[in-house]
Amino acid sequence: TQLLEQSPQFLSIQEGENLTVYCNSSSVFSSLQWYRQEPGEGPVLLVTVVTGGEVKKLKRLTFQFGDARKDSSLHITAAQPGDTGLYLCAGDKNAGNMLTFGGGTRLMVKP
Amino acid sequence: KAGVTQTPRYLIKTRGQQVTLSCSPISGHRSVSWYQQTPGQGLQFLFEYFSETQRNKGNFPGRFSGRQFSNSRSEMNVSTLELGDSALYLCASSSRQGYNEQFFGPGTRLTVL
């Protein structure tokens, strides 16, 4: 059982559509990070959220950390083919650098 | 700053062999973590080294080991390879300041035949 549950696992949408990816846990995290990974490459850090209720925006991407710091969401507005990739959430429970990753959401945006 | 580098990028081994993977962190980063990524299990934490000392260890058998050198470069070793060890092995470096933000290398794709 994953400590961090991501949903959906797969998402295929048309260019211009909006989407939301969820990352849920029963555990509290001191911080939560979102990464994007492309085939053959390592994950690239998109954002870190640390405060309950925090909302961060990165161009068309909006990240939210739940009030209780147990869940997070990533919303993409007007998705583009360049957004295609594997999106991963990862939580830190203050155990040093031992991140716990969600199972990932594989997004495909069709032109 | 140059990113995290990993060598080799691809490796093919047979069951029972052993393998050593190498990771050079971002300059100035003293923490190196290793992760295993497979389609079935996703990304799983192996271990973390900081200033040549193992600080955290994930739930992997003793066949998986690592070390870190004084220049922060790290190596990971897997002995007596099994088919299930086929995976992408990712190294990440961190300054260990702030919120544990990890910067990943491109990974080493290990195939065990």
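Described in the following lines is the structure provided in the data block. (Residues numbered from 1 in each chain as written. Chains lettered and ligands numbered in written order. Predicted model: local features only at pLDDT ≥ 70, side-chain atom pairs only at ≥ 80, totals over all residues. Heavy atoms only, no water.)

Attention now goes to the interface of chain A and chain B. Across the contact, 21 residues belong to chain A and 21 residues belong to chain B. Interface area, chain A with chain B, both sides summed: about 1700 Å², of which 51% is carbon and sulfur. Counting the contacts that link chain A with chain B gives zero salt bridges. In this assembly, chain A and chain B are joined by five residue pairs in polar contact (both at pLDDT 80 or more). When contributions to the side of chain A that touches chain B are tallied by element, the ones reaching two or more residues are β4 (31–37), β5 (44–49) and β9 (85–92) of chain A. Take the side of chain A that touches chain B: its biggest share by element is four residues, from β4(A). Residue composition of the side of chain A that touches chain B, by class: 10 nonpolar, nine polar and two charged. (Contact = heavy atoms within 4.5 Å. Buried area = accessible area lost by both parts, 1.4 Å probe. Salt bridge = Lys/Arg side-chain N within 4 Å of Asp/Glu carboxyl O. Polar contact = N/O pair within 3.5 Å; in protein donor to acceptor, adjacent residues only side chain to side chain. Helix = DSSP H or I, 4+ residues; strand = E, 2+ residues; numbered from the N terminus. Nonpolar A, V, L, I, M, F, W, Y, C, P; charged D, E, K, R; others polar.)

For the rest of this paragraph, the subject is the sheet that holds strand β1 (residues 5–7) of chain B. Residues and elements named next belong to chain B. Strand order across the open sheet formed by four strands is β1-β3-β8-β7, with antiparallel pairing between neighbours. In the strand order of this sheet, the two ends are held by β1 and β7 (64–68), each with one partner. Averaged over neighbouring strand pairs, the angle between their axes works out to 20 degrees when direction is ignored. Across five bridges, strand β3 (residues 19–24) lies against strand β8 (residues 74–78) in antiparallel orientation. Looking at the pairing, Thr 20 lines up with Asn 77 of β8. (Pairing = 2+ DSSP bridges. Axes fitted to C-alpha atoms, helices over the stretch in contact; angles between N-to-C directions.)

All names here are of chain A. Taken in spatial order, the five strands make up an open sheet running β1-β3-β8-β7-β6, and their pairing is antiparallel. This sheet does not close on itself; its edge strands, each paired only once, are β1 (5–7) and β6 (55–58). With direction set aside, neighbouring strand axes in the sheet form an average angle of 15 degrees. Sheet topology places strand β3 (residues 19–24) next to strand β8 (residues 71–76); six bridges connect them, and they run antiparallel. Bridged to Val 21 within β8 is Leu 74.

Attention now moves to the pairing of strand β7 (residues 61–65) of chain A. Residue and element names in this part refer to chain A. Taking every second residue as pointing to the same face, the buried face of β7 carries Leu 61, Phe 63 and Phe 65, while none of Thr 62 and Gln 64 on the other face is buried. Joining the antiparallel neighbours β6 and β7 is a turn of two residues, in which Lys 59 adopts a positive phi near 55 degrees. In this structure, β7 lies alongside β8, joined through five bridges in antiparallel fashion. Bridge pairing in β8 links Gln 64 to Ser 73. (Buried < 20%, exposed > 50% of the residue type's maximum accessible area, 1.4 Å probe, protein only.)

Under the definition given, this model contains seven salt bridges over all chains. Asp83(A) is paired through a salt bridge with Arg60(A); the nearest N and O atoms lie 2.9 Å apart. Linking Asp83(A) in the loop between β8 and β9 with Arg60(A) in the loop between β6 and β7, this pair joins segments that are 23 residues apart in sequence. Judged by relative accessible area, which is 24%, Arg60(A) ranks as partly exposed. Salt bridges here are not isolated pairs; linked through shared partners, they connect Arg63(B), Glu82(B) and Asp85(B).

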